[in-house]
Amino acid sequence: MKTFCGRANPTTGGLDWVEESEEYDYHQEIARSCYADMLHDRDRNEKYYQGIRAAVSRVKARGERVVVLDIGTGTGLLSMMAVTAGADFCYGIEVFKPMAKAAASIVQKNGFSDKIKVINKHSTEVTVGPDGDMQERANILVTELFDTELIGEGALPSYEHAHLHLMQEGCEAVPHRATIYAQVVESEHLWSWAQIRPVQVDDRTLHPPAAMKQCAGTPSVCDIQLSQVPPSAFTPIGPLCTMFSVDFSRMVSSAPCSYSCKFTVQAGGRAQVVLSWWDLDMDPSGSIVCSMAPKWTYSEPREYPWRDHWMQSVYFLPTERNVCEGEKLSLTVFHDDYSLWYNLDERSTRPCCTCQTHLVWTRPRFGELNDWQRTDSYLSALRSVLRPDSVCLSVSDGSLLPIFAHMLGAKKVFSLENSGMTKQVIEQFLEANSIKNGVRLLAIRAEQLTAADLEEERISVLIGEPYFSTSLLPWHSLFFWYCRTALARLLRPGAIILPSSATLYLLAVEFQVLYCPYFCSQSSGQKRIQMCLFFQQSLDFRESREAEPHHLWEYPCRALTKPHPVMTFDFQQCVPAQPISSQGTLPLTGSGRCHGFALWMEYNLTEDITVSMGLTKPVGEEGECVWSPHRKQGVYFLQTPSESSGDGRTSMQYNLTFEPNTGDIKMDFSVIQP
């Protein structure tokens, strides 16, 4: 049986539904899941095992037979921990059929089949009784149903049902308890992800619409590696608050609820953002703790257990609020079945975007539009090319560039907007700044555009950031090039294209912490190696031959080579009919372990103005890298890390081919040892 899957198409700027084999979706689920990351989370696994062992001991001390229920068993690791700790029997529940099948295989290969039963059902469908899935109710509940927000994977209703129908009264639970912490801060850096700031364009100011400034935004959590946001980027308004705890050994309610914490303002300023994370107490005494606190809360940073499947949460208050030192405030957290939201009053209304902007622009996109250095580069480039008789056409999704072009004096400005929602957002900006007729917004594709749409004018300046909402990897924004090609018939002779070209850069890197899913240490133990081999099968299906998109600012790395330009795309010319290929060899001049390669685009706006979507500063003396937080970079992982002494004798070989028919880049990398 075949399956249809969405795939970004840089030639059209959209998603294509392509037919794949029946195995494709299954392997994608496995390869892109967090199972492998959890498998490598030593702190999590050790704390779970300690908690399980303690719970088994407590039940045995009561003279009871130990029956464990493991909801969301995944690979079966926690179930095997329970049996290893002395449990008499364990039921492992896994709703995802391929994973349940894999768990059963892993359990069998490790010799636990007589004590572990894997049940391929949702926990709410499991039955108990002589003819049921479980012969008896369990007295130890082991679960890992948590996400960065704690309850986002439906933990509360799952616990509620389990206590009602699957567990004995007075049961033990691992983890025993979860506690959520929150802190109100002022942070221009983080707040720039939620609201658009005014932009100064020469002697005029572009103001955001009032509806946007008054909008509470979307309620969805912003989950990031908060450890990579330095304390200098925010000012605490109040202390770290303990918001609420959930005792998993007792009946849990999934009903909507709220909790408040009163505090005194420590430093006056603007209350804008709530930083939040949680801890798990694996035992009733709280002596076994698994914490999600960011690295900068640790007195000894080396003790910080990095993980990617659980991060920290950033919530944006509905409106920023001026507060004074010594003022008394009350922070309230609300939750339903699956999500949390915060407010500085007790109004429980769930935030809802009413201006559409928060539905159109992602949080990194807000940050990008608020980056004044980046904006200044575009304004400088526009000033250098625009003339009083310029007829300007913008090709990007929801871009402010056409408004800038009008404010800088272009004769006529048009903008292609493929989405009706982005068109409405830009219309709000035009109305708010009383320039409604300054830019004509065209809800039409480039290949459909006619001279009549341009009021019988020909384009003298074609501009783009470029930014497209469907782009995942850096080269997906080459959709701008395809649009430029489709518009060739409407360009004036000698028309200016901005950006004039794009360059794809390459860098060999050693990651400090970013999980490399293609490597499993042989010292990991037999159970873990078998699980790694299971994941490797899915990765080898296709993923190990493709680059992945990552926000590298969240994942520190060291450069082992100098940044190297491997391909240039000339927007002055149309997309060629033939593939563009690039091969070469680069010496590894930095010492360390080469885990893979980072790839990014740099757009050459003019001869002397370039905007980078990757490195924003030169590589440091020790290989330190500073990455743009606005766009995702491409990462190609090696299947096996390669050692480099840094003397240049070890080198990397690359082979890249840009396919004009698909807009994709095929790539292959290898490391050549001396």
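Note that this is a predicted model, so its numbers are computed, not measured.

1. Quick notes on the confidence of the model for the chain
Turning to step 1, where the next piece is worked out: Looking at the chain, the pLDDT average stands at 91 and 91% of residues meet or exceed 70.
Turning to step 2, where the next piece is worked out: This stretch, residues 520-526, has a pLDDT under 50; its non-local contacts, to residues over four places away or in other chains, come to five contacts.

2. Some details on the pairing of strand S18 (residues 328-335)
Turning to step 1, where the next piece is worked out: Most of S18 is tucked away: seven of the eight residues are buried.
Turning to step 2, where the next piece is worked out: Relative to S18, strand S14 (residues 257-264) runs antiparallel, the two being bridged by eight bridges. Pairing of serine 260 across the sheet is with threonine 332, part of S18.
Turning to step 3, where the next piece is worked out: Where S18 hands over to strand S19 (residues 340-343), the hairpin turn is made up of four residues, counted between the paired strands.

3. Some points on empty space enclosed by the protein
Turning to step 1, where the next piece is worked out: Summed over the entire model, instances satisfying the criterion amount to four cavities of 30 Å³ or more.
Turning to step 2, where the next piece is worked out: If you tally residues by element for the lining of the largest cavity, the top one is helix H11 (residues 372-385), at three residues.
Turning to step 3, where the next piece is worked out: Here the residues of the lining of the largest cavity are counted per class, giving six nonpolar, two polar and two charged.
Turning to step 4, where the next piece is worked out: The space that makes up the second largest cavity amounts to roughly 60 Å³.
Turning to step 5, where the next piece is worked out: If you go around the second largest cavity, the residues you meet are Val395, Ser396, Asp397, Leu416, Asn418, Arg445, Ala446, Phe468, Phe479 and Cys483.
Turning to step 6, where the next piece is worked out: Looking at the lining of the second largest cavity residue by residue, the class counts come to six nonpolar, two polar and two charged.

4. Looking at the sheet that holds strand S29 (residues 580-587)
Turning to step 1, where the next piece is worked out: Taken in spatial order, the three strands make up an open sheet running S29-S33-S34, and their pairing is antiparallel. If you trace the sheet from one side to the other, it starts and ends with S29 and strand S34 (664-672), each paired once. Taken pair by pair, the neighbouring strands of this sheet meet at an average axis angle of 10°, ignoring direction.
Turning to step 2, where the next piece is worked out: Direction of pairing for S29 relative to strand S33 (residues 651-659): antiparallel, over a ladder of eight bridges. Bridging across to S33, isoleucine 580 finds its partner in phenylalanine 658.

5. Concerning the state of the cysteines
Turning to step 1, where the next piece is worked out: Taken as a whole and assessed by the stated rule, the structure comprises zero disulfides.
Turning to step 2, where the next piece is worked out: Here cysteine 355 stays free of any disulfide, with the sulfur of cysteine 215 as its closest cysteine sulfur at 3.8 Å.
Turning to step 3, where the next piece is worked out: On the basis of relative accessible area, cysteine 355 is assigned to the buried category, the value being 2%.
Turning to step 4, where the next piece is worked out: This cysteine, cysteine 483, is not joined by any disulfide, and cysteine 574 carries the nearest cysteine sulfur, 12 Å off.

6. So, the sheet that holds S19
Turning to step 1, where the next piece is worked out: If you walk across this open sheet you meet the three strands as S14-S18-S19, and the pairing is antiparallel. This sheet does not close on itself; its edge strands, each paired only once, are S14 and S19. Taken over all neighbouring pairs, the strand axes of this sheet differ in orientation by 20° on average, direction set aside.

7. A look at the packing of aromatic side chains
How two aromatic rings sit relative to each other is given by the distance of their centres and the angle of their planes.
Turning to step 1, where the next piece is worked out: This model, assessed by the stated rule, comprises 27 aromatic pairs.
Turning to step 2, where the next piece is worked out: Relative to tyrosine 259, the ring of phenylalanine 244 lies with its centre 4.5 Å away and its plane at 10°, an arrangement referred to as stacked. Of this pair, phenylalanine 244 sits in strand S13 (residues 241-247) while tyrosine 259 sits in strand S14, placing them 15 residues apart in sequence.
Turning to step 3, where the next piece is worked out: Considering the side-chain rings of tryptophan 278 and tryptophan 310, the 5.1 Å spacing of their centres and the 65° angle between planes classify their relative orientation as edge-to-face. Taken together, the positions of tryptophan 278 in strand S15 (residues 269-281) and tryptophan 310 in the loop between strand S16 (289-291) and strand S17 (312-323) put the pair 32 residues apart, joining distant regions of the chain.
Turning to step 4, where the next piece is worked out: Put simply, the rings of Phe146, Tyr159, Phe248, Trp278 and Trp310 pair up and form one aromatic cluster.
Turning to step 5, where the next piece is worked out: If you follow arginine 365 out to its NZ or CZ, it ends over the ring of tyrosine 467, 3.8 Å from the centre.

8. Things to note about the UniProt feature "domain: Protein arginine N-methyltransferase" (unreviewed entry) in the chain
Turning to step 1, where the next piece is worked out: When the UniProt feature table is mapped onto this chain numbering, "domain: Protein arginine N-methyltransferase" (unreviewed entry) sits at residues 176-345 and 550-669.
Turning to step 2, where the next piece is worked out: Helix makes up 5% of residues 176-345 and strand 45%. Its end C-alpha atoms lie 31 Å apart.
Turning to step 3, where the next piece is worked out: Secondary structure content for residues 550-669 is 0% helix and 52% strand, while the C-alpha to C-alpha distance between its ends is 18 Å.

9. Here we look at the packing of helix H3 (residues 42-61) against helix H4 (residues 77-84)
Turning to step 1, where the next piece is worked out: It is the contact of H3 with H4, at a shortest axis distance of 9 Å, that shows an interaxial angle of 40°. With respect to H4, the axis of H3 lies oblique. Here H3 and H4 pass one another in a crossing that is right-handed. Contacts from Arg44, Asn45, Tyr48, Tyr49, Ile52 and Val56 of H3 reach H4 at Leu77, Leu78, Met81, Ala82 and Thr84.
Turning to step 2, where the next piece is worked out: Looking at the contact of H3 with H4, its residues break down into eight nonpolar, two polar and one charged.

10. With respect to the environment of alanine 443
Turning to step 1, where the next piece is worked out: Topologically, alanine 443 is positioned in the loop between strand S22 (440-442) and strand S23 (459-463).
Turning to step 2, where the next piece is worked out: Since its relative accessible area comes to 60%, alanine 443 is described here as exposed.
Turning to step 3, where the next piece is worked out: The sequence separation of alanine 443 and aspartate 570 amounts to 127 residues, and the corresponding C-alpha distance is 27 Å.
Turning to step 4, where the next piece is worked out: Each residue touching alanine 443, except ones within four places of it in the same chain, is listed here: Glu417 and Lys423.

11. Considerations on unusual backbone geometry
Turning to step 1, where the next piece is worked out: Of note, the amide linkage connecting valine 174 to proline 175 takes the cis form, showing an omega dihedral of 0°.
Turning to step 2, where the next piece is worked out: Structurally, the position occupied by proline 175 is in the loop between strand S7 (167-174) and strand S8 (177-186).
Turning to step 3, where the next piece is worked out: Along the chain, leucine 498 connects to proline 499 via a cis peptide bond; the corresponding omega equals 10°.
Turning to step 4, where the next piece is worked out: A positive phi is found at leucine 150, a non-glycine position, where the angle reads about 80°.
Turning to step 5, where the next piece is worked out: Here leucine 150 is to be found in the loop between strand S6 (138-143) and helix H6 (155-165).
Turning to step 6, where the next piece is worked out: For glutamate 456, which is not glycine, the phi torsion reads 65° and is therefore positive.

12. Some words on the nonpolar core
Here is a general trend for soluble globular proteins: nonpolar side chains tend to be buried in one another's company.
Turning to step 1, where the next piece is worked out: By size, the foremost hydrophobic cluster in this structure holds 115 residues, and its most contacted members are Tyr48, Leu69, Phe146, Met243, Tyr342 and Trp627.
Turning to step 2, where the next piece is worked out: It is S15 that contributes the most residues to this core, seven residues altogether.
Turning to step 3, where the next piece is worked out: With 95 residues, the next largest nonpolar core counts Leu401, Ile403, Leu416 and Trp481 among its residues.

13. A closer look at the pairing of strand S30 (residues 592-604)
Turning to step 1, where the next piece is worked out: Most of S30 is tucked away: twelve of the 13 residues are buried.
Turning to step 2, where the next piece is worked out: Across seven bridges, S30 lies against strand S32 (residues 633-644) in antiparallel orientation. The residue of S32 that forms the bridge with cysteine 594 is serine 642.
Turning to step 3, where the next piece is worked out: Pairing analysis gives three bridges linking S30 to strand S31 (residues 610-612), with the strands arranged antiparallel. By the bridge assignment for S31, tyrosine 603 is matched with valine 611.
Turning to step 4, where the next piece is worked out: From the end of S30 to the start of S31, which pair antiparallel, there are five residues.

About the criteria used
- Residues numbered from 1 in each chain as written.
- Predicted model: local features only at pLDDT ≥ 70, side-chain atom pairs only at ≥ 80, totals over all residues.
- Heavy atoms only, no water.
- pLDDT = per-residue confidence, 0-100.
- Contact = heavy atoms within 4.5 Å.
- Buried < 20%, exposed > 50% of the residue type's maximum accessible area, 1.4 Å probe, protein only.
- Helix = DSSP H or I, 4+ residues; strand = E, 2+ residues; numbered from the N terminus.
- Pairing = 2+ DSSP bridges.
- 1 Å grid on protein atoms, 1.4 Å probe; cavity = no way out; pocket = protein on both sides within 12 Å on 5 of 7 lines; lining within 4 Å.
- Points joined across faces, edges and corners; volume = space filled by probe spheres on them.
- Nonpolar A, V, L, I, M, F, W, Y, C, P; charged D, E, K, R; others polar.
- Axes fitted to C-alpha atoms, helices over the stretch in contact; angles between N-to-C directions.
- Disulfide = S-S within 2.5 Å.
- Phe/Tyr/Trp six-rings, centres within 6.5 Å; stacked < 30°, edge-to-face > 60°.
- Lys NZ or Arg CZ within 6 Å of the ring centre and 35° of its normal.
- UniProt positions renumbered as here; feature names shortened; annotations may be inferred.
- Parallel < 35°, antiparallel > 145°, perpendicular 65-115°, else oblique.
- Left-handed = near helix turned anticlockwise from the far one by under 90°.
- Core = buried A, V, L, I, M, F, W, Y, C linked by side-chain atoms within 4.5 Å.

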